[in-house]
Amino acid sequence: MSGPAPYPPPYQPGQGREDWMAPAREPLPAAPPPLPQHRSRRATVALAVVGILVLGALGWRVSAEARDTWWNGESHVPVPVDANGVASHEGISIELVGVERLDGGVNTYDERWEPPAGTVLWQVGLAVESTNTEIYSLDVLVQDTQGRRFETGNDVPYGVDGVQDSLDVAQPEPDDEPLPDVQYLLVLMPEDAEPATVRLESSWSLSPDYFRLPVTE
Amino acid sequence: MTGRPVPRWAVTVTMLAVLVGAGLGVNALDANAPPNGPIGVRMTLGRDSVVHPLQVNVSGARAYETILDEDENPLETVGVWVLVDLSYATTDEPSLPGDFVLVDARGRRYPTTGRAFGEWFASPDLWHRGTLAFEVPLDALGDLTFEAWPSGQGTASDTPMPYAVLKLRVDPGAVEAGPAILEEPELLPAGER
């Protein structure tokens, strides 16, 4: 006979009910063998590693300007002291002569000045020699054992004999007075602050380098 | 589980209720959360607040029609002067704070005046007390917000920088004629604010 097979198939005498109602089908094709587990896990790991590397490279490029500003705008690289206690960099040599606690106040131009209760006035002595013609001055900060940094010249009286407001680094003109052997600066710190390091920085002329002079004794 | 299956409309209504409830809950949390998320700080009057590297303690605000600058010249303004008394220090490094801003109930932002003392330099654990002067229109008085920015300008929406926020109230009826004297910032003995 021609034409598609009729459905349901015609009843053949002798067939069981199951044969007639549910015509036999060919068995399902065998399932494909499963992928080997180790091969797909390696591929995943490789993809993740490549992804991280690519993102890292992109992030590094995108942040180049920000990193440059942060690195060169702040002090990150200390210039250490040598065996004689002198730190030298770019033609400037600095030695920390002493950090002295001034109890009992100081004399200014016209009156006696005492630090407020709970604070202590310290005097920092620095010996500076310089052949550098581009750097004129440096910010001097005293860092205590807790990591707090105090800037000299802040909250301190003016007009104290022998004390300067800021550190002079540049060589003076031939007809000016030469730099004093030791320059003295004042810094105010809370009572519980113990000086640990003296830092000399300049964000526009020295960064990211800075002088790091430990306070000995 | 036995019993009738839950009708579909009940499931839909429950899911909608959960969604709306979750939305309202997040709204409430957001309204009460510190500004700028976990890096923002809500201040309390008279208490120290740390918004790195600044530590701030605001004692109050008052309003005047006229103030005197440091040379004792009277300064007049079109609106009123709002003086905020506060003291601040830093935690670990010397720093000049970025910005102090007064915001009124309508969201208008006022900077510290350019005609008198502004921010002063802060040092670690060495507290200085002073007064910041703001010029505001008369209708800005009432509920105000004071913002302290350790760095950056007061643009909260642009840059996620930490800042501190304090709610202040200056009554429109409490404006004094003055002239109020703007004191120079002074270094405080340890422990004082």
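Chain B carries the name DUF4352 domain-containing protein in an unreviewed UniProt entry, which gives Occultella aeris as its organism.

Under an unreviewed UniProt entry, the name given to chain A is DUF4352 domain-containing protein, and the organism recorded is Occultella aeris.

Novice: Help me understand a nonpolar patch on the surface in this model?
Specialist: Residues and elements named next belong to chain A. On the surface, Val-50, Val-54, Leu-55 and Leu-58 cluster together to form a nonpolar patch covering roughly 390 Å² of accessible area. Inspection of the secondary structure assignment puts Val-50 in helix H2 (residues 37-62). Residue class for Val-50 comes out partly exposed when judged on its relative accessible area of 48%.

Novice: What exactly am I supposed to notice about the sheet that holds strand S3 (residues 92-102) of chain A here?
Specialist: Think of a sheet as strands paired side by side through backbone hydrogen bonds, with each pair either parallel or antiparallel. Residues and elements named next belong to chain A. One open sheet accounts for 4 strands, arranged S2-S3-S6-S10; its pairing is antiparallel. The sheet is open, and its two borders are formed by strand S2 (86-89) and strand S10 (183-190), each paired with just one other strand. Averaged over all pairs of adjacent strands, the angle between their axes in this sheet comes to 30 degrees, without regard to strand direction. Of the strand pairs in this sheet, S3 and strand S6 (residues 119-130) are connected by 10 bridges, and their pairing is antiparallel. Within the sheet, the bridge partner assigned to Glu-100 lies in S6 and is Gln-123.

Novice: Just to check I follow, could you spell out the packing of aromatic side chains for this structure?
Specialist: Centre distance and the angle of the planes are the two values used to describe a pair of aromatic rings. All chains considered together, the criterion is met by 6 aromatic pairs over all chains. Ring pairing ties together the aromatic residues Tyr-88, Phe-100, Trp-120, Phe-134 and Phe-146 of chain B, which thus form one cluster. Residue placement shows Arg-199 of chain A over the ring face of Tyr-210 of chain A; its charged tip is 4.3 Å from the ring centre. The aromatic ring of Trp-127 of chain B is capped on one face by Arg-193 of chain B, whose charged end is 3.8 Å from the ring centroid.

Cut-offs and rules
Residues numbered from 1 in each chain as written. Chains lettered and ligands numbered in written order. Predicted model: local features only at pLDDT ≥ 70, side-chain atom pairs only at ≥ 80, totals over all residues. Heavy atoms only, no water. Patch = residues over 30% accessible without salt bridge, like charges linked within 9 Å, V, L, I, M, F, W, Y side chains within 5 Å. Areas by Shrake-Rupley, 256 points an atom, 1.4 Å probe, with all protein chains shown as cover. Salt bridge = Lys/Arg side-chain N within 4 Å of Asp/Glu carboxyl O. Helix = DSSP H or I, 4+ residues; strand = E, 2+ residues; numbered from the N terminus. Buried < 20%, exposed > 50% of the residue type's maximum accessible area, 1.4 Å probe, protein only. Pairing = 2+ DSSP bridges. Axes fitted to C-alpha atoms, helices over the stretch in contact; angles between N-to-C directions. Phe/Tyr/Trp six-rings, centres within 6.5 Å; stacked < 30°, edge-to-face > 60°. Lys NZ or Arg CZ within 6 Å of the ring centre and 35° of its normal.

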